[in-house]
Amino acid sequence: MSEPRQRCVVRAPATTANLGPGFDCLGLALDLWNEARFALEGEGVAVAVTGEGAGYLPADESNLVARAALRVYAEVGEAPPTGLRIECTVRVPLSSGLGSSSSAIVAGLLGGNELLGRPLGRDRLLELAAGLEGHPDNVAAALFGGLTIVVQKSERLLTKTILVPEVYLALAVPELPFSTDAARAGLPTEVTMRDAVFNMGRIPLVVEALRTGDFELLGQVMDDRLHQANRLRLIPGGRTAWEAAQRSGAAAVAISGSGPSLIAFVSLAAEAGVVARAMAEAFAAEGVPARPLGLSASSAGATVLP
Ligand code: HSE
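The rules behind each value
- All chains use their own residue numbering, which begins from 1 and follows the written sequence.
- For this predicted model, a pLDDT threshold of at least 70 governs which residues receive local features, and a threshold of 80 or more governs which side-chain atom pairs are given and counted, while totals over whole chains, interfaces and linings are taken from all residues.
- Water and hydrogen atoms play no part in the side-chain values, which are based on all heavy atoms of the structure.
- We count a stretch as a helix when DSSP gives it H or I for four or more residues in a row; a strand needs E for two or more, and each element gets its number in order from the N terminus.
- To get the radius of gyration, use the C-alpha atoms; to get the globule rule, take the number of residues to the power 0.38 and multiply by 2.2 Å.
- Think of it in three bands: with a 1.4 Å probe and only protein chains considered, a residue is buried below 20% of the maximum accessible area for its type, exposed above 50%, and partly exposed in between.
- In this analysis, two residues are considered to be in contact whenever any of their non-hydrogen atoms come within 4.5 Å of each other.
- Accessibility throughout is a Shrake-Rupley quantity obtained with a 1.4 Å probe, and a residue counts as covered only by protein chains that appear here.
- The sign given to each residue is positive for Lys and Arg and negative for Asp and Glu; His and the chain ends receive no count.
- Every charge is mapped to an atom, namely NZ of Lys, CZ of Arg, CG of Asp or CD of Glu.
- Only Phe, Tyr and Trp rings are paired, with Trp represented by its six-membered ring, and only when their centres lie within 6.5 Å; those with planes under 30 degrees apart are stacked, over 60 edge-to-face, the remainder tilted.
- When the NZ atom of lysine or the CZ atom of arginine is within 6 Å of a ring's centre and also within 35 degrees of its normal, the charge is said to sit over that ring.
- Among buried residues, the Ala, Val, Leu, Ile, Met, Phe, Trp, Tyr and Cys ones that are joined through side-chain atoms within 4.5 Å form a nonpolar core.
- Fitted lines through C-alpha atoms give the axes, limited to the stretch in contact for helices. The angle between two N-to-C directions lies from 0 to 180 degrees.
- When an angle is under 35 degrees it counts as roughly parallel; over 145 it counts as roughly antiparallel; between 65 and 115 it counts as roughly perpendicular; any other value is oblique.
- It is the rotation of the near helix from the far one that decides the hand of a crossing: anticlockwise by less than a right angle makes it left-handed, clockwise makes it right-handed.
- Here a salt bridge means any side-chain nitrogen of Lys or Arg lying within 4 Å of a carboxyl oxygen belonging to Asp or Glu.
- The span you would expect from a helix comes to 1.5 Å times its residue count less one.
- Whether a residue is near a molecule or strand is decided by its heavy atoms; if any one of them lies within 4 Å of it, the residue is near.
- For the purposes of these results, a polar contact is taken to be a pair of N or O atoms within 3.5 Å, where, inside protein, one atom must be able to donate a hydrogen and its partner to accept one; residues adjacent in sequence count only when each atom of the pair is a side-chain atom.
- When residue character is reported, Ala, Val, Leu, Ile, Met, Phe, Trp, Tyr, Cys and Pro are called nonpolar, Asp, Glu, Lys and Arg charged, and the others, Gly included, polar.
- Patch rule: a residue counts if its relative accessible area is over 30% and it has no salt bridge; like charges are joined within 9 Å, and nonpolar side chains (Val, Leu, Ile, Met, Phe, Trp, Tyr) within 5 Å.

Here we come to the overall build of the protein. Regarding its fold elements, the protein presents 10 helices and 11 strands. Radius of gyration (C-alpha) of the protein: 19 Å, near the 19 Å computed for a compact globule of 306 residues. In terms of principal-axis extent, the alpha carbons of the protein reach across some 55 × 40 × 35 Å. In the protein, which comprises 306 residues, the proportion classed as buried is 52%. Pairs at least 24 apart in sequence give 74% of the contacts found in the protein among residues at least 6 apart. About 13,300 Å² of surface is accessible on the protein, with carbon and sulfur atoms providing 52% of the total. Within the protein, the 32 negative side-chain charges are centred at a point lying 2 Å from the centre of the 25 positive side-chain charges.

What follows is the structure, encoded as structure tokens:
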């Protein structure tokens, strides 16, 4: 525990989950940050949003950052504060497969925890975050940073964070209405032993390739038989953009989280822009406007700013 606070500032990163074969168990923090400023003042809950989702995201206690902050109060048996003001600067594109809801949840949980004097440790915050999000991989990477592996163990979540050297990523974020719930609902509930084995062997190799910066290995093993084929069918232009990334020099390509963004790994920072533009142009050629983005991985997870 520390002293309760009247105000605090938290930042939480974007994340990309699955990384090909690691469905629901691998997440990578990205160097793109949402920021939330919390203050105990006024009456009721008021949330102001600038950036992505401004004018669209709720301004009251139904806002995800606020819900997460208040979840900590409920968890420790504290009455909600009389007044809570939250100013959010949202940089992670919404509904894009870049962990925007996880970033919001983690920012809210860290903010609520900080206002209360840090009654909860990060492992408990992770469990609350996964409960709010519905799956643990994005929230784990958002909380712990780097390449985070997460597994369910009875009622608990077990994580291990692997630091990765400089990793550059090219993304295309298509403007498509998309929901993770719908993308999850389209997946089979059972898979064959053959497909499970296909993914199982590749997961540690993806981790090892990222840990050692071995992009040749990454290109050979970032492949999946559990979710990507189903999901690619839900992303108009996705197949074309995937092939454009490969042609323009990407070492490996995957659907970011549940999509619709595609994420490509490149070995040099300078290649990220080229590959991102090639993917965005391929989407556009299929009638789907898409934003190109070049990002790097972040070894840091969410933090309370001093
Ligand atoms: N593992 C989750 C899924 C990530 O694939 O549904 C969602 O971002």
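Picking up after the structure, the text goes on.
In this section: the packing of aromatic side chains. All told, the structure shown has 0 aromatic pairs when counted by the stated rule. Sitting over the ring of Trp242, Arg239 keeps its end group 5.9 Å from the ring centre.

Our focus in this paragraph is the nonpolar core. Ranked by size, the top nonpolar core spans 38 residues in total, and within it Phe38, Ile86, Cys88, Val106 and Leu109 carry the most contacts. Of all the elements in the fold, those that place two or more residues in this core are β1 (7-17), β2 (26-39), β3 (44-51), α1 (64-75), β4 (83-90), α2 (100-115), α3 (122-133) and α4 (137-144). If one sorts the elements of this core by residue count, α2 sits on top with 7 residues. Counting residues in hydrophobic clusters, the runner-up holds 31 residues, among them Leu19, Ile203, Ala209 and Met222.

α3 packs onto α2 with a crossing angle of 135° between their chain directions and a minimal axis gap of 10 Å. Judged on the interaxial angle alone, α3 and α2 are oblique. Handedness of the crossing formed by α2 with α3: right-handed. In contact with Ser101, Ser102, Ile105, Val106, Leu109, Leu110 and Asn113 of α2, α3 contributes Arg122, Leu125, Leu128, Ala129, Leu132 and Glu133.

Attention shifts here to the pattern of salt bridges. Overall, the coordinates contain 12 salt bridges when judged by the stated rule. The partner of Glu41 in a salt bridge is Arg7, and the shortest N-O contact between them spans 2.9 Å. Residue Glu41 is found in the loop between β2 and β3, and its partner Arg7 is found in strand β1; the two are separated by 34 residues along the sequence. We classify Arg7 as partly exposed; its relative accessible area is 49%. The salt bridge involving Arg184 is made with Asp24; its shortest N-O contact spans 2.7 Å. Residue Arg184 is located in helix α5 (residues 180-185), and its partner Asp24 is located in the loop between β1 and β2; the two are separated by 160 residues in the primary sequence. Residue class for Arg184 comes out partly exposed when judged on its relative accessible area of 26%. One salt-bridge network, in which partners are shared between bridges, spans Arg71, Glu75, Arg124, Glu127 and Arg156.

With that settled, consider helix α6 (residues 193-212). A rise of 1.5 Å per residue sets the reference length of α6, with its 20 residues, at 28 Å; its end C-alpha atoms lie 29 Å apart and thus fit the reference within 8%. Considered for burial, the residues of α6 that qualify are Phe198, Asn199, Ile203, Val206, Val207, Ala209 and Leu210. Buried positions along α6 lie against β2, β5 (147-153), β6 (156-162), α7 (215-221) and β9 (262-266).

If you check the shell around the ligand, you find Ala17, Asn18, Phe23, Asp24, His135, Asp137, Asn138, Thr180, Arg184, Arg231, Gly257 and Ser258 and nothing else. One nitrogen or oxygen atom from the side chain of Asp24 is found 2.5 Å from a nitrogen atom belonging to the ligand. Within the side chain of Arg231, a nitrogen or oxygen atom sits 2.7 Å from an oxygen atom of the ligand. Coverage of the ligand by the protein amounts to 98% of the 260 Å² it exposes when considered alone. Listed by contribution, the elements that provide at least two residues to the shell around the ligand are α4 and α5. Considering only residue class, the shell around the ligand consists of 2 nonpolar, 6 polar and 4 charged.

Once that is clear, we can look at a nonpolar patch on the surface. On the surface, a cluster of nonpolar side chains totalling about 350 Å² of accessible area is made up of Met193, Val197 and Met200. With respect to the element layout, Met200 can be found in helix α6.

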